[in-house]
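Chain by chain, the residues:
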Amino acid sequence: MQVRLTGYGGAGEIGGNAFLLDDGRSRLFLDFGKRFGGANTKQEFGKVPGWGDYYDLFMKPRGGHQVHDLVALGLLPPLPNLYRSDMGEAPTLHAGGRGLDGVLVSHPHSDHYGSIGYLRQDTPVHLSPIAKLTLASVQKTGMGGPDDSFVRFKPAAEEMPRTSKERGADEVLAAMPERVLDTAARFQVGDWAVERHDVDHSIHGAAGFILEHKNGPRIAYSGDLRLHGRHKERTEKFLRQAQGADVLLIEGTRVGGSHAHGDPVGKPLTEQEVGRNIQERLVAADVADTKGFVAVAYPPRDLDRLVSIAEAARRSGRKLVITPKQAHLLWTLHGEGHVDEVMDPLASSDLVVLVSDDQRAAQDAGKERKASGRTAWGLWTDDVAQLDAALHRAGKTVTLDEVASDLRGHLVTMGSFTLNLLPGLLKPGQGNGLFVHSQTQPFNDEGVIRDFKLKRWLDHFGLVEVQQHVSGHLSQDDLMHALDESGCKTLVPIHTEHPELSARHYQAARSGGVVKLPAPGQPIDL
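Residues numbered from 1 in each chain as written. Predicted model: local features only at pLDDT ≥ 70, side-chain atom pairs only at ≥ 80, totals over all residues. Heavy atoms only, no water.

Visitor: What is the right way to look at the sheet that holds strand S8 (residues 192-198) in this model?
Guide: What links the strands of a sheet is backbone hydrogen bonding, and the strands pair in either a parallel or an antiparallel sense. Taken together, the 7 strands give an open sheet; going across it, the order is S7-S8-S9-S10-S11-S19-S20, and neighbouring strands pair in mixed fashion. The strands lining the two open edges of the sheet, one partner per strand, are strand S7 (186-189) and strand S20 (514-515). For strand S19 (residues 490-494) and S20, the ladder comprises 2 bridges, and the chain directions are parallel. Among the inter-strand pairings, Thr490 is bridged to a residue of S20, identified as Val514. (Pairing = 2+ DSSP bridges. Helix = DSSP H or I, 4+ residues; strand = E, 2+ residues; numbered from the N terminus.)

Below, the structure is given as structure tokens:
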């Protein structure tokens, strides 16, 4: 019996994990993510291209031909019987071959789940309960395209239904069949017995997996993880469970000096230290000769970072202003019983939700927000309208004018796509306040351009930028220590641009240790 591992994403690169395990009888993917790409064109044109090298916010794959085009560009694995038939599957992929027996999704970051929407509806997807709820919120509050069929399956070629003015959004959503989503912690895929273990990462619902074949190897797959977050004990427990595995697939994002994720060497800041440092910045902004405005950019679904920032805001006498999409995610998780893990947007005194003037007027008039001409397949399902009404009744909404009238009383969540709020808050000039950048630094051309635009906005409105962030990934020192303790027989370094560095350390620490470096599309015998 032979087991082969083939990396179609995450092999010699950061992100886009898609590793196929094939034992000759069953096939399963470890994650099925979107490869971002977007390399530094002056220095790295020879790298395997990803989405950002071909597409952007305005140019996307052709409707009804997504699978055909993405396979042609090397952005989806060229394998038969994987994909839905309504997206122009390449003719060469129709000719026989085994289907897919399952996908293990480690966590709800799009570089690990982002290509699931192209898979057949009957493909079993295994993930944590929080990851499932997160993807449901992403789909409900997103643009609703067939590419985003993560939880509910939207046909691509079918004629759009009547608008939500004629038909309730939830009625249409209910008519969309669900994917096969399994949230069990232990399950079977063919001859593989699989266990899901919680780990700590920069998003809730992250997990690693341990797979044991009845006639073959025991494999540990890390997903993304860290040891300096709020729940490092989860990662420690997974690493203990993974000890002695025949094969260890472990991420190495920060190996070799990836500046975007912080200094790879030495002890990283903890999540709690990030919060305290932001609080110090807020206090300094209050005592400085400025108007006291402070905005903060952070990953919107990083709920640990949200807690750190909300606590910093409270201690400095401010409320954190969040977006409706963030409120929906919190509300969804809290409503499903995860009360000890997330803040309640309806009850927390630390949070308020930004709404438009039109939305506030509609709420004051007792009108529910509707899809406003959008089809019900798109933005704002009925439960979003229910949340809007509940937030309004609880006095948890705030308009831009209300924030502008009390700059020192608010800390505003603001990302690259909401910098256009600044003219409604401030007048151009110096001494307006502070912009806290609490996320990764640019790592490709697209990020460099976005950062340049950010600095233009900040300069125009007289905001001082400070960086305060900690990565969601193991530091290099933590990874090397984990390798020392792993006791695994074979190491496969993944999710890294420098797999050879992990390999050298592992081989030096373990005489006779075997390392297999994955190459895109090339099978490895395990």
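This is not the end of the story, as more comes after the structure.
Visitor: Before we go on, may I ask you to explain helix H14 (residues 476-486) in this structure?
Guide: Residue pairs three or four apart in sequence face the same way in an α-helix, which turns once every 3.6 residues. Buried residues of H14: Gln476, Leu479, Met480, Ala482, Leu483 and Ser486, and no others. Seen end-on, H14 carries its buried residues on one side only, within an arc spanning 160°. (Buried < 20%, exposed > 50% of the residue type's maximum accessible area, 1.4 Å probe, protein only. Arc of directions from axis to C-beta.)

Visitor: Can you walk me through the packing of helix H4 (residues 129-141) against helix H9 (residues 324-335) in this structure?
Guide: Helix packing for two helices is described by the angle between their axes and how far apart those axes are. H9 packs onto H4 with a crossing angle of 145° between their chain directions and a minimal axis gap of 9 Å. Helix-helix and strand crossings are classified by hand; for H4 and H9 the assignment is right-handed. Contacts between H4 and H9 involve Ile130, Leu133, Thr134, Ser137, Lys140 and Thr141 from the former and Lys325, His328, Leu329, Thr332 and Leu333 from the latter. (Axes fitted to C-alpha atoms, helices over the stretch in contact; angles between N-to-C directions. Left-handed = near helix turned anticlockwise from the far one by under 90°. Contact = heavy atoms within 4.5 Å.)

Visitor: What's the story with the environment of Arg393 in this structure? I'm lost.
Guide: Tracing the backbone shows Arg393 in helix H11 (residues 382-393). On the basis of relative accessible area, Arg393 is assigned to the exposed category, the value being 66%. Taking the C-alpha atoms as reference points, Arg393 and Leu346, 47 residues apart in sequence, are found 9.2 Å from one another.

Visitor: When you look at the packing of aromatic side chains in this model, what are you seeing that I'm missing?
Guide: For any pair of aromatic rings, geometry is given as the distance between the ring centres together with the angle between the planes. One pass over the structure, following the stated rule, counts 5 aromatic pairs. Note on Tyr8 and Phe29: the rings are 6.2 Å apart at their centroids and 55° apart in plane angle, and the pair reads as tilted. Taken together, the residues span a long stretch of sequence, with Tyr8 in strand S1 (residues 4-9) and Phe29 in strand S3 (residues 27-30) at a distance of 21 residues. An aromatic cluster of at least three residues, connected via ring pairs, comprises Tyr8, Phe29 and Phe32. Sitting over the face of the ring of Trp51, Lys34 holds its NZ or CZ atom 4.1 Å from the ring centroid. (Phe/Tyr/Trp six-rings, centres within 6.5 Å; stacked < 30°, edge-to-face > 60°. Lys NZ or Arg CZ within 6 Å of the ring centre and 35° of its normal.)

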